[in-house]
Amino acid sequence: MSGFLDRLFGGVPKGFAGQLERAENVAAWAPVRGGGHLVATSLGLWVPHEGQARRIGWHLVSKATWAGDHLQVVEADEVDTAGEAVVLVDRAPVRFDVDEPRKLPQAVHRRVTTSIRSRHREELPGGGAWFVQRKLPGRDGTVLQVRPDPGTDLALVRDIAAHVAERMAAGGQAQ
């Protein structure tokens, strides 16, 4: 009966290899084919990693797409700062095969989209960049993230991001 109640109310799955924080709540989970679980919580998406579980904060999920029986996740790394802004670079997509997704697709979609406060694409020399204001899970406030395309003038991206972050801190508009 306990397993049924856990699935019904979103508790931690049996055999979950992660350690949730005290105030971290489970929204949904699903077993991954081959072992481990995908677990959507208030703070991020837990994914199987080297026999353990690793949490990706919602603010670092660049993209999460469901297709058929799998979830593909693009995680970003914070590689630099520009004033109060954070410069991100996307990792290669990782695929997780799931036979019974349950409510996980909806939970992941909801958490990723609600973490975004605003977004703007700017075309720049050598490419372009996304400027995204995101809520940090478990914290007050937002952060400005900048995701430049490969080949974009990084010095220009940093200058623009620092200026925008400064305007945001002063109470102005991000764009």
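In this text the structure is predicted, and so the values were computed from the model without any measurement.

The rules behind each value
Residues numbered from 1 in each chain as written. Predicted model: local features only at pLDDT ≥ 70, side-chain atom pairs only at ≥ 80, totals over all residues. Heavy atoms only, no water. Salt bridge = Lys/Arg side-chain N within 4 Å of Asp/Glu carboxyl O. Helix = DSSP H or I, 4+ residues; strand = E, 2+ residues; numbered from the N terminus. Buried < 20%, exposed > 50% of the residue type's maximum accessible area, 1.4 Å probe, protein only. Phe/Tyr/Trp six-rings, centres within 6.5 Å; stacked < 30°, edge-to-face > 60°. Lys NZ or Arg CZ within 6 Å of the ring centre and 35° of its normal.

**Details of the pattern of salt bridges**
- Applying the stated rule across the entire model yields 14 salt bridges.
- In this structure, the salt-bridge partner of Asp80 is Arg158, at a minimum N-O distance of 2.5 Å. One end of the pair, Asp80, is in strand E6 (residues 70-82); the other, Arg158, is in helix H3 (residues 154-169), and 78 residues separate them in sequence.
- Classification of Asp80 by relative accessible area gives partly exposed; the value is 26%.
- Classification of Arg158 as partly exposed rests on a relative accessible area of 30%.
- Of the charged contacts, one joins Asp90 and Arg147 as a salt bridge, the two residues approaching to 3.0 Å between their closest N and O atoms. Taken as a pair, Asp90 in strand E7 (residues 85-90) and Arg147 in strand E11 (residues 142-148) lie far apart in primary sequence, 57 residues in all.
- Residues joined in a network through salt bridges with shared partners are Arg33, Asp69, Arg95, Asp97 and Asp99.

**A look at the packing of aromatic side chains**
- One pass over the full model with this rule turns up 1 aromatic pair.
- Considering the side-chain rings of Phe16 and Trp46, the 5.4 Å spacing of their centres and the 85° angle between planes classify their relative orientation as edge-to-face. Taken as a pair, Phe16 in the loop between helix H1 (2-9) and strand E1 (26-31) and Trp46 in strand E3 (residues 44-49) lie far apart in primary sequence, 30 residues in all.
- Under the relative-accessibility criterion, Phe16 is labelled buried at 14%.
- Positioned above the aromatic ring of Trp29, the side-chain terminus of Arg102 is 4.3 Å from the ring centre.

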